[in-house]
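# Architecture at a glance
The chain contents come next:
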Amino acid sequence: MLPRLNYLIIYLGIAITIISFYFSTVRVQCALGGLNTAESCSRQSLENSDNHVSKENLLDVQNNTLGFHEVFAISLPERTDKRDALTLQSSLSGIALTIMDGVDSSRLHVKAMPHTMDQPPKDMACWRAHMNVIQHIVNKGISSALIMEDDADWDVALKLQLVQYARGSRYLLSSSPEEMPTSPYGDGWDFFWLGHCGAWFDELDTRRFVIHHDPTVVPPENRQYAGHPDMSLWERQDTDNRTRIVYKSEGGVCAAAYAVSLRGAQKILYHMSMLPYNRSVDWGFHDMCKDRKSDFNCIATYPALFGVHQPAGNTSKWSDIGHGTDESQSQVEERPSSKNLAFSARMNIGRLLSGTTLFESQFPEATGGEMDIADIGRGIGHPEVLPKMAVVEG
Ligand SMILES: *[C@@H]1O[C@H](CO)[C@@H](O)[C@H](O)[C@H]1NC(C)=O
Ligand SMILES: *[C@@H]1O[C@H](CO)[C@@H](O)[C@H](O)[C@H]1NC(C)=O
Ligand SMILES: *[C@@H]1O[C@H](CO)[C@@H](O)[C@H](O)[C@H]1NC(C)=O
Ligand SMILES: *[C@@H]1O[C@H](CO)[C@@H](O)[C@H](O)[C@H]1NC(C)=O
């Protein structure tokens with residue numbers, strides 16, 4: 001009797017080892033996107049998931065449209081350099097991208113401008129390029145979409161990060177644990193600030209979805225944001241300062257990457273094109289959130305999930321709306337960099353091509369020079385409700 005029990009324990013041990021090895025492998029394959037099938041990802045174990053959310057379609061956020069119905073990137077047709085890079089980066093990240101033409105300011109028609117619109121021509125062209133995508137979404141009835149600008153960059157662990165982001169957005173949207181939401185991110189959202197350079201919190205909502213010990217969080221001293229929610233509860237002397245939060249937002253700035261639902265796109269087209277309007281596109285989105293136009297429901301994450309890539313060479317290559325660097329102030333940068341990202345996909349294209357699972361950090365002092373994808377994507381979040389006192393703008 002006793003020896004048989006021992007064998008049983010050994011067999012069990014071997015089985016558990018094989019199964020856990022299988023799941024850790026699948027997790028890595030999922031994170032690497034391009035190398036896997038949807039089925040292998042949907043079998044990924046959801047370790048440490050809480051019971052607050054239903055999980056049936058949560059892992060759709062790892063499909064090749066990141067759980068949205070489509071992914072768009074806006075790029076001027078002549079910026080073939082940006083299109084080459086973005087196409088390759090998306091392909092290696094397992095993202096199916098549709099490139100939409102940007103708008104040259106010479107093609108703006110004065111009759112087509114909203115009443116009161118009086119902004120610099122390049123800002124108006126940028127606004128129109130985004131509105132064209134929004135119009136397309138409304139026209140085709142696309143249920144949700146991620147929209148990027150052509151210099152957007154993301155972390156190599158994006159598909160793991162998005163699982164946590166979606167758990168957070170479901171918490172904030174009070175998704176019922178019994179019912180599966182239509183969108184894996186939950187239902188009732190209009191706008192996600194995913195690639196901002198500043199996003200503020202909604203003072204009426206003290207809920208936060210908090211992801212600790214997340215290696216993709218850029219060290220505080222290396223972040224470049226115009227504003228952010230108060231992080232003092234989690235960024236202290238005795239913490240590792242690697243916390244990302246998901247929260248209800250009263251707006252943000254920069255539009256390197258954001259997501260809209262169909263309902264959100266309809267509201268945007270109404271308020272930002274049909275009604276009197278005189279703002280750049282990102283401040284227009286900000287006002288939609290801040291003023292709750294048509295009940296606009298915004299969720300943000302800080303630090304952001306998407307950053308901006310700045311290639312080597314003449315800095316006038318960076319922006320097509322002349323923000324930061326116009327021709328007269330241009331200089332030559334010998335090294336590329338990506339703002340607000342630790343394990344930038346663009347900076348790791350060589351490694352993605354080689355098939356390695358070890359990726360290079362832009363902040364070696366904080367993360368070590370390189371890290372395995374399974375570790376990069378290890379952050380797991382949980383809901384918290386702030387004490388009222390802590391609601392102070394950071
Ligand atoms: C990805 O998931 C979303 C949400 O479930 C779905 O709408 C979309 O069609 C899926 N994309 C693909 C390519 O299967
Ligand atoms: C539109 O905004 C610009 C500044 O962004 C301002 O100079 C201009 O007066 C505004 N126009 C109207 C009609 O409000
Ligand atoms: C974390 O950030 C806080 C606030 O910026 C700072 O005072 C503290 O020294 C940091 N802690 C570590 C371990 O770096
Ligand atoms: C950068 O390129 C612009 C043209 O786009 C040119 O006018 C400028 O002189 C270049 N700057 C440098 C430092 O080479």
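Residues numbered from 1 in each chain as written. Chains lettered and ligands numbered in written order. Predicted model: local features only at pLDDT ≥ 70, side-chain atom pairs only at ≥ 80, totals over all residues.

## Digging into the overall build of the protein
Across its full length, the protein holds 10 helices and 17 strands. Split into buried and exposed, the 394 residues of the protein put 43% on the buried side. (Helix = DSSP H or I, 4+ residues; strand = E, 2+ residues; numbered from the N terminus. Buried ≥ 20, exposed ≤ 12 C-beta atoms within 10 Å, placed from the backbone.)

## Notes on the sheet that holds strand E4 (residues 152-154)
In spatial order, the strands read E4-E11-E14; together these 3 strands make up an open sheet with antiparallel pairing. Edge positions in the sheet fall to E4 and strand E14 (337-339), since each has one partner strand and no second. Between one strand and the next, the sheet's axes are offset by a mean angle of 45 degrees, whatever the strand orientation. In the sheet, strand E11 (residues 306-310) pairs with E14 via 3 bridges, with the strands oriented antiparallel. Paired with Val308 across the two strands is Lys339, which belongs to E14. (Pairing = 2+ DSSP bridges. Axes fitted to C-alpha atoms, helices over the stretch in contact; angles between N-to-C directions.)

## So, helix H7 (residues 281-290)
Among the 10 residues that make up H7, 7 are buried, leaving the element largely enclosed by the rest of the structure. Considering only its buried residues, H7 is in contact with helix H4 (121-140), strand E5 (191-195), strand E8 (244-252), strand E9 (257-261), helix H6 (262-274) and strand E10 (298-302). (Contact = placed C-beta atoms within 7 Å.)

## Re the pairing of E9
Taken across its 5 residues, E9 has 5 buried, putting it largely inside the fold. Of the two faces of E9, the one carrying Ala257, Ala259 and Ser261 and the one carrying Tyr258 and Val260 are both buried. Bridge count for strand E3 (residues 144-149) against E9 is 5 bridges, and the pairing is antiparallel. Residue Ile147 lies in a different strand from E9, and its bridge partner there is Tyr258.

## A word on the environment of Met117
Along the chain, Met117 falls in the loop between strand E2 (98-101) and H4. The class of Met117 is partly exposed, set by 17 C-beta atoms lying within 10 Å. Note: C-alpha distance between Met117 and Tyr277 (160 residues apart in sequence) is 5.5 Å. Excluding residues that lie within four positions of it along the chain, Met117 makes contacts with Met124, Tyr277 and Asn278.

## As for helix H5 (residues 158-172)
Three or four residues apart is the spacing at which side chains of an α-helix point the same way, because the helix has 3.6 residues per turn. Its 15 residues place the ends of H5 20 Å apart at the C-alpha level, agreeing with the 21 Å of an ideal helix rising 1.5 Å per residue. The buried count for H5 comes to 15 of 15 residues, which makes it a mostly enclosed element. (Expected span 1.5 Å × (residues − 1).)

## A few points about the site of ligand 1
Close contacts around ligand 1 come from Asn57, Asp60, Asn63, Asn64, Thr65, Gly67, His69 and Pro184, and that covers them all. Grouping the constituent residues of the shell around ligand 1 by class yields 1 nonpolar, 6 polar and 1 charged. (Near = placed C-beta within 6 Å. Nonpolar A, V, L, I, M, F, W, Y, C, P; charged D, E, K, R; others polar.)

## A short note on the pairing of E11
Extensive coverage of E11 is indicated by the burial of 5 of its 5 residues. For E4 and E11, the ladder comprises 3 bridges, and the chain directions are antiparallel. Paired with Ala152 across the two strands is Val308, which belongs to E11.

## Quick word on the nonpolar core
Ile147, Phe191, Leu194, Tyr258 and Val260 are the most contacted members of the largest nonpolar core, which has 88 residues in total. Per-element accounting of this core gives the leading share, 9 residues, to H4. Beyond its immediate sequence surroundings of up to four residues, Leu194 is in contact with Ala257, Tyr258, Ala259, Thr301, Ala304, Leu305 and Phe306. (Core = buried A, V, L, I, M, F, W, Y, C linked by C-beta atoms within 7 Å.)

## Points about the confidence of the model for the protein
Looking at the protein, pLDDT values average 87 and 83% of them are 70 or higher. When the criterion is pLDDT under 50, residues 12-52 qualifies, and its contacts beyond four places in sequence or with other chains add up to 47 contacts. (pLDDT = per-residue confidence, 0-100.)

## Thoughts on the packing of H4 against H6
Interaxial distance between H4 and H6 falls to 9 Å at its minimum, and their mutual angle equals 130 degrees. Comparing the axis directions of H4 and H6 gives the class oblique. Crossing of H4 over H6 shows left-handed handedness. Packed against H4, whose contacting residues are Met131, Ile134, Gln135, Ile137 and Val138, the element H6 presents Leu262, Ala265, Gln266, Ile268, Leu269, Met272 and Ser273 at the interface. Here the contact of H4 with H6 is built from residues that sort into 9 nonpolar, 3 polar and no charged. (Parallel < 35°, antiparallel > 145°, perpendicular 65-115°, else oblique. Left-handed = near helix turned anticlockwise from the far one by under 90°.)

## Brief notes about unusual backbone geometry
Excluding glycine, residues mostly have negative phi values, and the peptide bonds linking residues are mostly trans. A cis amide bond links Tyr302 to the next residue, Pro303, at an omega of -10 degrees. When you line up the elements, Pro303 lands in the loop between E10 and E11. With a phi angle near 75 degrees, Cys254 is a residue other than glycine that sits in the positive phi range. Along the chain, Cys254 turns up in the loop between E8 and E9. The exposure class of Cys254 is buried, given the 24 C-beta atoms found within 10 Å. Its identity as a non-glycine residue notwithstanding, Asp295 has a phi of 65 degrees, on the positive side.

## Observations concerning the environment of Leu158
Residue placement: Leu158 occurs in helix H5. In this structure Leu158 comes out as buried when scored by C-beta crowding, with 24 C-beta atoms within 10 Å. When near neighbours in sequence (up to four residues on either side) are disregarded, Leu158 contacts Ser93 and Leu305.

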